[in-house]
Amino acid sequence: MGTALVYHEDMTATRLLWDDPECEIECPERLTAALDGLRQRGLQQSPEYVALVRRTQTLDKEELQALSKQFDAVYFHPNTFHCARLAVGAALQLVDAVLTGAVHNGLALVRPPGHHSQKEAANGFCVFNNVAIAAKHAKQKYGLQRILIVDWDIHHGQGIQYIFDDDPSVLYFSWHRYEHGRFWPFLQESDAHVVGQGQGQGFTVNLPWNQVGMGNADYLAAFLHVLLPLAFEFDPELVLVSAGFDSAIGDPEGRMRATPECFAHLTQLLQVLAGGRICAVLEGGYYLESLAQSVCMMVQTLLGDPTPPLLGLMVPCQSALESIQSVQTAQAPHWTSLQQNVAPVLGPSTCFPEGRSLPLLAESPAYEAAEAALSPLQGELCLRPTPPICTEVALAVPGAALALPPGVLLQEDSALREETEAWARLHKSLFQDESLVALGKILCLLGGILDGQVRNGIAATAALATAATVEVIVQRCLSHGAQRLLCVALGQLDRPLDLADDGRVLWLNIRGKEAAVESVFHISTPLPQTTGGFLSCILGLVLPLAYGFQPDVVLMALGPAHGLQNAQAALLASVLRGPAGSRILAVVEEESILQLARTLAQVLHGEAPPSLGPFLMASPEEIRALRLLKVQLEPRWKLLQVAAPPPGPCSPIA
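Residues numbered from 1 in each chain as written. Predicted model: local features only at pLDDT ≥ 70, side-chain atom pairs only at ≥ 80, totals over all residues. Heavy atoms only, no water.

Undergrad: Account for the overall build of the protein chain, naming residues and giving values.
TA: Summing up its helical and strand segments, the protein chain has 20 helices and 16 strands in all. The buried share of the protein chain, taken over its 654 residues, is 63%. In the form shown here, the protein chain has an accessible surface area of approximately 23700 Å², with 52% of it arising from carbon and sulfur atoms. (Helix = DSSP H or I, 4+ residues; strand = E, 2+ residues; numbered from the N terminus. Buried < 20%, exposed > 50% of the residue type's maximum accessible area, 1.4 Å probe, protein only. Areas by Shrake-Rupley, 256 points an atom, 1.4 Å probe, with all protein chains shown as cover.)

Undergrad: Any chance you could break down the sheet that holds strand 13 (residues 516-519) for me, citing the residues and the numbers?
TA: The strand order across the open sheet formed by nine strands is 9-8-10-16-15-11-12-14-13, and the pairing between neighbours is mixed. Each edge of the open sheet is held by one strand with a lone partner, namely strand 9 (409-410) and strand 13. Summarising the sheet, strand 10 (residues 454-461) and strand 16 (residues 584-589) pair through five bridges and their orientation is parallel. The partner of Thr 461 across the bridge, within strand 16, is Glu 589. The strands touched by helix 16 (residues 466-479) within the sheet are strand 10, strand 11 (485-490), strand 12 (505-510), strand 15 (553-558) and strand 16, with strand 15 carrying the most contacts at an inclination of about 175°. (Pairing = 2+ DSSP bridges. Contact = heavy atoms within 4.5 Å. Axes fitted to C-alpha atoms, helices over the stretch in contact; angles between N-to-C directions.)

Undergrad: Summarise the sheet that holds strand 3 (residues 147-151); cite the residues concerned and give the values.
TA: Here seven strands make up an open sheet; going across it, the order is 1-2-7-6-3-4-5 and the pairing parallel. Taken across any chain shown, the strands that pair with only one partner, and hence form the sheet edges, are strand 1 (3-6) and strand 5 (204-209). Within the sheet, the average angular offset between the axes of one strand and its neighbour, ignoring direction, is 10°. Sheet analysis places strand 1 next to strand 2 (residues 105-108), joined by four bridges and oriented parallel. Residue pairing across strands places Val 6 opposite Ala 108, the latter belonging to strand 2. Packing of helix 5 (residues 130-142) onto the sheet brings it into contact with strand 3, strand 4 (170-177), strand 6 (238-243) and strand 7 (278-282), and relative to strand 6 it is tilted by some 170°.

Undergrad: I'd like a description of the packing of helix 17 (residues 531-549) against helix 20 (residues 620-633), backed by residues and values.
TA: For the pair helix 17 and helix 20, the least separation of the axes is 10 Å and the interaxial angle reads 10°. The angle between helix 17 and helix 20 falls in the class roughly parallel. For the pair helix 17 and helix 20, the contacting residues are Gly 533, Ser 536, Gly 540 and Leu 541 in the first and Glu 622, Leu 626, Leu 629, Lys 630 and Leu 633 in the second. A class-by-class count of the residues in the contact of helix 17 with helix 20 yields four nonpolar, three polar and two charged. (Parallel < 35°, antiparallel > 145°, perpendicular 65-115°, else oblique. Nonpolar A, V, L, I, M, F, W, Y, C, P; charged D, E, K, R; others polar.)

Undergrad: Explain the environment of Ala 415 residue by residue, including any values.
TA: Mapping Ala 415 onto the fold places it in the loop between strand 9 and helix 14 (417-424). For Ala 415, a relative accessible area of 13% corresponds to the buried category. The spatial distance from the C-alpha of Ala 415 to the C-alpha of Lys 441 is 6.3 Å, given a sequence separation of 26 residues.

Undergrad: Lay out the side chain of Ser 190 with the relevant residues and their values.
TA: Along the chain, the position of Ser 190 falls in the loop between strand 4 and strand 5. Judged by its relative accessible area of 1%, Ser 190 falls in the buried class. Discounting chain neighbours no more than four positions away, the residues touching Ser 190 are His 156, His 176, Tyr 178, Asn 206 and Pro 208.

Undergrad: Can you lay out helix 2 (residues 47-55) for me, pointing to particular residues and giving the numbers?
TA: At 3.6 residues per turn, the α-helix brings residues three or four places apart onto the same side. Inspection of helix 2 places Tyr 49, Val 50, Leu 52 and Val 53 among the buried residues, and these make up the whole buried set. Take helix 2 and look down its axis: the buried residues cluster within an arc of 160°, on one side only. Looking at helix 2, the residues exposed on the side facing more than 90 degrees away from the buried face are Pro 47, Glu 48 and Arg 55. On its buried face, helix 2 is in contact with helix 3 (61-68) and helix 4 (80-99). (Arc of directions from axis to C-beta.)

Undergrad: With reference to specific residues and values, describe the packing of aromatic side chains.
TA: One pass over the full model with this rule turns up 18 aromatic pairs. Relative to Tyr 219, the ring of Trp 209 has its centre 6.0 Å away and its plane inclined at 20°; by these criteria the two rings are stacked. On the criterion of sequence distance, the pair formed by Trp 209 in strand 5 and Tyr 219 in helix 7 (residues 216-234) is long-range, its members being 10 residues apart. Per residue, the accessibility class of Trp 209 equals that of Tyr 219, and both read buried. Across the ring face of Trp 637, the terminal group of Arg 636 is positioned such that the distance to the ring centre comes to 4.2 Å. (Phe/Tyr/Trp six-rings, centres within 6.5 Å; stacked < 30°, edge-to-face > 60°. Lys NZ or Arg CZ within 6 Å of the ring centre and 35° of its normal.)

Undergrad: An account of the nonpolar core is needed here, citing residue identities and associated values.
TA: Formed by 118 residues in total, the largest nonpolar core has its most connected members in Trp 152, Trp 175, Trp 209, Tyr 219, Phe 223, Leu 270 and Leu 576. Element by element, the count of residues in this core is highest for helix 7, at 14 residues. Contact partners of Tyr 219, with chain neighbours within four places excluded, come to Ile 154, Trp 175, Trp 209, Met 214, Ser 247, Met 256, Ala 258, Cys 262, Phe 263 and Leu 266. Residues Val 53, Val 88, Ala 90 and Ala 132 belong to the second largest nonpolar core, which totals 47 residues. (Core = buried A, V, L, I, M, F, W, Y, C linked by side-chain atoms within 4.5 Å.)

Undergrad: How would you sum up unusual backbone geometry? Please name residues and give values.
TA: Cis geometry marks the peptide bond from Arg 111 to Pro 112, where omega comes out at 5°. Residue position: Pro 112 is located in the loop between strand 2 and helix 5. A cis amide bond, omega 10°, links Trp 184 with the succeeding residue Pro 185. Positionally, Pro 185 belongs in the loop between strand 4 and strand 5. With a phi close to 50°, Glu 179 is a non-glycine residue in the positive phi region. Looking at where Glu 179 falls in the secondary structure, it is placed in the loop between strand 4 and strand 5. Non-glycine residue Arg 255 carries a positive phi angle of around 55°. Checked against the element boundaries, Arg 255 lands in the loop between strand 6 and helix 8 (260-270). Taking relative accessible area as the criterion, Arg 255 reaches 27% and is therefore assigned partly exposed.

Okay, structure coming up:
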C-alpha cells in the first residue's frame, strides 16, 4: 500500500469574474502551486441547495454576482457546480481507497474548499462540505463508528461542527483564529466552551487562538496536551484532516508563524492513530509559497519520508497556554484523559527567562523578518535528501531475522576488529566473544546512521552487556560530532557515571518506582502500568522533552526487565521518529529481541503502531509522579506546560 494524491485539473476552472477584494484570494493558482511543488519531487447538503448550485451553470455574470451576494464570502462561476462535485468526489474516492486497503493514506488536492459549507448555504468560499460528506460516507458505506476530524485551517469550520454537533461517532477538533470573537466567522460557538449537544457533548473540541503570531511550539502544545490525549481515548478508526494551510507563516488570513516543516510533524503525530489511515482534504491556504511548501511537507510525511528539523525555541506563548487551559477545563467533564491531566500553574517566580509572554505580532518587524526567511526555493524543503537505507537491523540472535518485515535490511557488515576492541576496552570483562561481535555490528550500524547512510536501526545485545553497549554508543555519538543525543532508557540501565552533565545528552530513565530529577538533563520516572498513565508519560513528558531538546539522534535502549509490551514499545519508537528526523537506534537486550524485532522494525520503517487496548485512567501514584516531575522541569522545558502562568515579571532561575 502507498499514498494517494487525488486531483483533477477541472477544479482550476473557476475563478472570480468581478472585483471583490474579499474573495480574490481563492484562486486556481492555489491548486497549481501546490501541485507544481509536489512535481518537483452520503451527501449532506439539502436537495434544494444542490439544485440551486446546479443552476449556476446557466447564469450570466450579473446573475452569478447577485446570487453570490446572498451568501457570506462566496463567489459563483459557471463551472462552480462541476468543480464542487469533483471536490466531493475526490474526497469520497480517497476514503474508498484507504478503507478498502488500496492505499494507506492520501491527500485530496481540491477546490473549492468545504468546511464552512452548511446544509442549505454556501459560506466562506465553500460550496459542498467535502470532509463532512466523506465522514458520512465512511459511516454509511463501511460502518465506521469512530471518526476523528482534525481541522487545522485557521478559520473555524462551523459547517462541520453544525453537521456533527450531536453525533458521538465523530470527534471534531478545530483550532482557529478567534480573537475573542472578533475574527471571521464571528461566532460565539467557535469558543472553547462549546462542546456539542445531547449525545455529542464532548465530541466538539474548539481551540480558539486569541492572538495572531502562533508558531510551531504553540501548535505542538495543542496536539500534545489536547488533541492527542482525546484522540487516543477516542481510538478512531479513520482520521480525516481538513488541511487548511492558511495557518502557516506568511498567509494574509491567518497571520500565524508556523513553518511548513511543522505540518510534517503534525502529520506524523496523527499517523500513530487509526492504524495510520489518514485522508487529508485541502481547505484554505492563500499565500502560494507557504501553501505549496506545506502541502509538500505533508505529502512527504504521508509517504514515509523523515520529518525535517523543527527549528526555533519550543516555548508556547502565554495566550496559547491560556487557550489550551480553557479547552481542557471545558472538555474535562467528558474525557478521562483530561481528568488525569497534570496542570500545576507556575507562579511568576518560576518563569524561565526564555519564555514568551506574548507572540510576535504579525505587523512587527520580527514577524516580517520571519516571513522573509521563508525559503523561496521550494526544492530545499520538498526535495530533502533521505538516506539510501531506511531501516537496518544488527542481530546476532539466531532466528530473529526471520521475523523482519519486507524492506528492512539485515546488517551484514561489522566495524573493524581493532576499532571494536578499542571501544570495548573500558568494559573488557563484559565484551567477550559473541558480545564483541555484536558490538562490532552495532558500531557499524551506528556509523551508518551518523553518516546519513541509514535512517534508523535496531540492534540486539547480550543482557549483561547492555549497559556497557549503551555507554559505548553514547560516547561514539558524542565523538562523532552529535550535538544533542536523547537517550530514553528502560529497565535496569543507569546513566553512565562519567557522563558530563553539559547539555549534550538528555537522559530519561523509565524504570523503578520513584520519580526523580537529578538535573534538567537527567530524569527518572516509573513505568506506568495503565494505558492512561503510559500515554500521559509519552504525551506529557517524553515528547515535550524530546521536542524541547531537539536532538540530532535518539537512542532508545531496552535493558533487562524493561517491562514494555509490544504495543508500548512500538508507540514509543514511532513517536520518537519525529524530533530527530527518524535518526533512531533502538538497542534491545537479546532476551526480548525475538519478541520485539518485527514490531520495532515495522514502526521504524513507517507503519502505524498497534493499539494499546482499552483506555484505563492513570493511577493516583502515576499522576503524582508526573506532577512531581513537571513542577521541577517546566521552568526549563516549556513544552511541558499545560497552564499559563499568572501575569507578572519573570525572574531568572539559577
